[in-house]
Amino acid sequence: MTDKISEQGAQQLDVVVVGAGFAGLYLVHKLRSLGYDVLGLEAAADVGGTWYWNRYPGARCDVESLQYSYSFSEELQQEWRWSERFAPQPEILAYLGHVADRFDLRRSFLFNTRVASARYEESANLWSIATEAGKCFSARFCIMATGNLSVGRIPEFAGLQDFAGEIYHTGNWPHEGVDFTGKRVGVVGTGSSAVQSIPPIAQQAEHLYVFQRTPHFSVPARNGPIEDQYDSEWKRNYPAQRAKARSTRSGVLYDYGTKSALEVDAGEHAVELGRRWEKGGTNFLYAYNDTLRSEASNQISADFVRERIGEIVIDPTVADKLMPKDYPIGTKRICVDTDFYATFNRPNVTLVDVRPSPITGFDQTSLKTADASYQLDAVVFATGFDAMTGALLKMDIVGRNGHSLRDKWAEGPKTYLGLAIAGFPNMFIVTGPGSPSVLSNVVIAIEQHVEWIVDCIEKMEHEGIATIEAEESAQQEWVDHVNDVACQTLYYQANSWFLGANVPGKPRIFMPYVGGFDTYVAKCDDVVRNGYAGFIKTKDQAEAIPA
Ligand code: FAD
Ligand code: NAP
């Protein structure tokens, strides 16, 4: 098999992989090393995915770097030295560049290449993949490694096209950086991207207006350099640490509390939550085993954060506005910050509550709300993503019998295990809706999916299987299960992107699997042990499959 890429297109391959983030890179490496003829297609000019696009000031991971990294190569994890507990974006991008160099991956990718469509050609049992520039490739397998947070969205504000100032979205930041010195800047949003970018922007801007619709809960990162001793301890025990992480419900080595908050008294809450607050990071959320299931328990952690906000922010009116009050902590993705709340004590920062007085639009010089106008030189939209389904539905994906994914998912995404879709044979998605994905350490979730998919392709090769496809009934059962477990939690109480609530008109379905990474992996392994239970396999493509 060859891995040469023809610029002419119309090339037939074993596998086409779309995306060159953590998922696409590992897929290409793994498939290529097994001898498959694989081609990666990536819209960006280089590898990195999330870390290629999100270059805003302050961008960094919030799962510790020593865990937010590949575990598949012991040599790789031994040789890479993370500088900080939570690595900044340039370092994560450099790491992914190093991975690409180390395993010589770039030669198997076409960059600046956006996939427009993928169509299953039933008679040939091939996927036909077309790019926006009109190149065509066909492959037996098509794997979508297109990311859950890769389609940024700017809400449709009237008059934005007339605004003469600079316009940015955190998820598509200029490579050369932005100098806000001497400028009046507006940041729209207070989610994770805003919480990270607001403090450094405030240090530069002449004045910063933060337009907040819903306050988010944020915990301090307590970021800092990784000491040599900590680094070598981790590296001495890396395989064991990774195995331990994979056996947890989020794929991260947190300090998982085993009691309900309701089993202990207020004094103990103060000690335990205080300890976690001081330690920093999202470990805070795992103090008790029912924080995301019991309203009463949740309120204890939420009150603790509200109290800290009240202590940090000097102006009580501003502090009050920054306190989330109408949804449980953790049901919108918790944020991790460095000096976010303290930034509102700066004289050059104004918090504008756009809940009572929404943004109505822009004119040439200003952002306008229902009751005021703010002159700005630059506006930063930290307004998030069309999450989980956005990248897949942007492409025209057509499966068996000419059915399109857009039609199939009109009422919300339906997958089997977040890996495969009924009616789309030999197509896989990495960390798709219905898998733990964004509720876990995504790199570990990616590795599990890549290994499952590649193992499946290998078994098909050895057993002479022509197609594999999720059964409609197994898929429906899984969709119902994903929904059932979400209903047992508090997640439905927040208007979050987990539910698609940030995109007007998007079906309100809880998309990630909340049943736990460990439980999920056991289910995936079970499916394999039982001969790919819930999948239809055909030896000969001509075998009848219901329409
Ligand atoms: P991505 O990195 O999103 O890569 C997908 C790639 O596919 C992109 O490069 C995109 O250009 C390409 N693509 C999409 N559609 C097409 C198309 N039609 N044609 C061609 N190419 C296409 N997760 C954590 O677990 N911990 C964290 O700390 C964390 N921090 C994050 C911080 C930010 C700012 C963001 C936005 C997300 C963060 N995440 C975090 C989630 C993060 O997205 C994942 O951890 C991980 O990077 C996803 O990798 P991926 O390869 O699946 O997708
Ligand atoms: P987000 O969490 O979806 O936040 C978007 C923000 O924009 C929200 O505050 C939202 O308000 C606001 N907004 C949207 N439309 C608006 C409108 N019309 N008017 C006013 N405000 C509006 O997006 P994000 O901050 O980019 O984060 C997305 C995800 O990426 C995170 O949850 C996380 O998983 C990942 N991420 C992680 C990190 C990290 O720390 N490692 C950093 C960045 C991103 P409402 O809440 O009212 O909708």
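Residues numbered from 1 in each chain as written. Chains lettered and ligands numbered in written order. Predicted model: local features only at pLDDT ≥ 70, side-chain atom pairs only at ≥ 80, totals over all residues. Heavy atoms only, no water.

**What about the overall build of the protein chain?**
At step 1: On a plain count of helices and strands, the protein chain comes out with 16 helices and 20 strands.
At step 2: Over its C-alpha atoms the protein chain spans a radius of gyration of 24 Å, differing by no more than 12% from the 24 Å that the globule rule assigns to 547 residues.
At step 3: When each of the 547 residues of the protein chain is scored for burial, the buried share is 60%.
At step 4: For the protein chain, restricting intrachain contacts to residue pairs at least 6 apart in sequence, the fraction spanning at least 24 positions comes to 72%.
At step 5: With 51 positive and 69 negative side-chain charges, the protein chain shows a spacing of 0 Å between the two charge centroids. (Helix = DSSP H or I, 4+ residues; strand = E, 2+ residues; numbered from the N terminus. Rg over C-alpha atoms; globule rule 2.2 N^0.38 Å. Buried < 20%, exposed > 50% of the residue type's maximum accessible area, 1.4 Å probe, protein only. Contact = heavy atoms within 4.5 Å. Lys, Arg positive; Asp, Glu negative; His and termini not counted. Charge placed at Lys NZ, Arg CZ, Asp CG, Glu CD.)

**So, the site of ligand 1**
At step 1: Neighbouring ligand 1 are 32 residues; Glu 42, Thr 50, Asp 62, Tyr 68 and Val 115 lie closest to it.
At step 2: Contact between ligand 1 and Asp 62: an oxygen atom at 2.6 Å from a main-chain N or O atom of the residue.
At step 3: The contact in question runs from an oxygen atom of ligand 1 to an N or O atom on the side chain of Tyr 68, over 2.5 Å.
At step 4: Coverage of ligand 1 by the protein amounts to 94% of the 980 Å² it exposes when considered alone.
At step 5: Every element with two or more residues in the shell around ligand 1 is listed here: helix H1 (22–33), helix H2 (50–53) and helix H14 (442–463).
At step 6: Top element by residues in the shell around ligand 1 is H2. It accounts for three residues.
At step 7: Split into classes, the residues belonging to the shell around ligand 1 amount to 18 nonpolar, eleven polar and three charged. (Near = heavy atom within 4 Å. Polar contact = N/O pair within 3.5 Å; in protein donor to acceptor, adjacent residues only side chain to side chain. Areas by Shrake-Rupley, 256 points an atom, 1.4 Å probe, with all protein chains shown as cover. Nonpolar A, V, L, I, M, F, W, Y, C, P; charged D, E, K, R; others polar.)

**A look at the side chain of His 449**
At step 1: Along the chain, the position of His 449 falls in helix H14.
At step 2: Relative accessible area serves as the criterion here: at 1%, His 449 is assigned to the buried category.
At step 3: Contact partners of His 449, with chain neighbours within four places excluded, come to Leu 417, Gly 418, Leu 419, Ile 429, Val 430, Thr 431, Gly 432, Ser 435 and Tyr 520.

**Structural notes on the nonpolar core**
Grouped burial of nonpolar side chains is what soluble globular proteins tend to show.
At step 1: Phe 22, Leu 31, Tyr 70, Ile 143, Phe 180 and Trp 452 are the most contacted members of the largest nonpolar core, which totals 135 residues.
At step 2: It is H14 that contributes the most residues to this core, nine residues altogether. (Core = buried A, V, L, I, M, F, W, Y, C linked by side-chain atoms within 4.5 Å.)

**Description of the site of ligand 2**
At step 1: Thr 190, Ser 193, Arg 213, Thr 214 and Lys 332 are the nearest of the 24 residues found near ligand 2.
At step 2: Gln 196 is positioned with one of its side-chain polar atoms (N or O) 3.0 Å from an oxygen atom of ligand 2.
At step 3: The separation between an oxygen atom of ligand 2 and a polar side-chain atom of Lys 332 is 2.6 Å.
At step 4: Counting residues per element, the shell around ligand 2 draws most heavily on helix H5 (residues 192–204), at three residues.
At step 5: Residues belonging to the shell around ligand 2 are distributed by class as follows: nine nonpolar, ten polar and five charged.

**Section: the pairing of strand S5 (residues 126–131)**
At step 1: The element S5 is extensively covered by neighbouring structure, given that six of its six residues are classed as buried.
At step 2: In S5, alternate side chains face the same way, and those of Leu 126, Ser 128 and Ala 130 on one face and Trp 127, Ile 129 and Thr 131 on the other are all buried.
At step 3: Looking at chain direction, strand S4 (residues 115–121) and S5 are connected through six bridges and run antiparallel. Among the inter-strand pairings, Glu 121 is bridged to a residue of S5, identified as Leu 126.
At step 4: Counting the residues in the hairpin turn of S4 and S5 gives four residues, including Asn 125, whose phi is positive at 55°.
At step 5: Pairing between S5 and strand S6 (residues 136–144): four bridges, direction antiparallel. Each residue of the ladder has a partner; that of Ala 130, found in S6, is Cys 136. (Pairing = 2+ DSSP bridges.)

**Things to note about the confidence of the model for the protein chain**
At step 1: Looking at the protein chain as a whole, its pLDDT mean stands at 96, while 97% of the residues score no less than 70.
At step 2: This model gives residues 1–9 a pLDDT under 50, and the stretch forms 22 contacts once residues within four places in sequence are excluded. (pLDDT = per-residue confidence, 0-100.)

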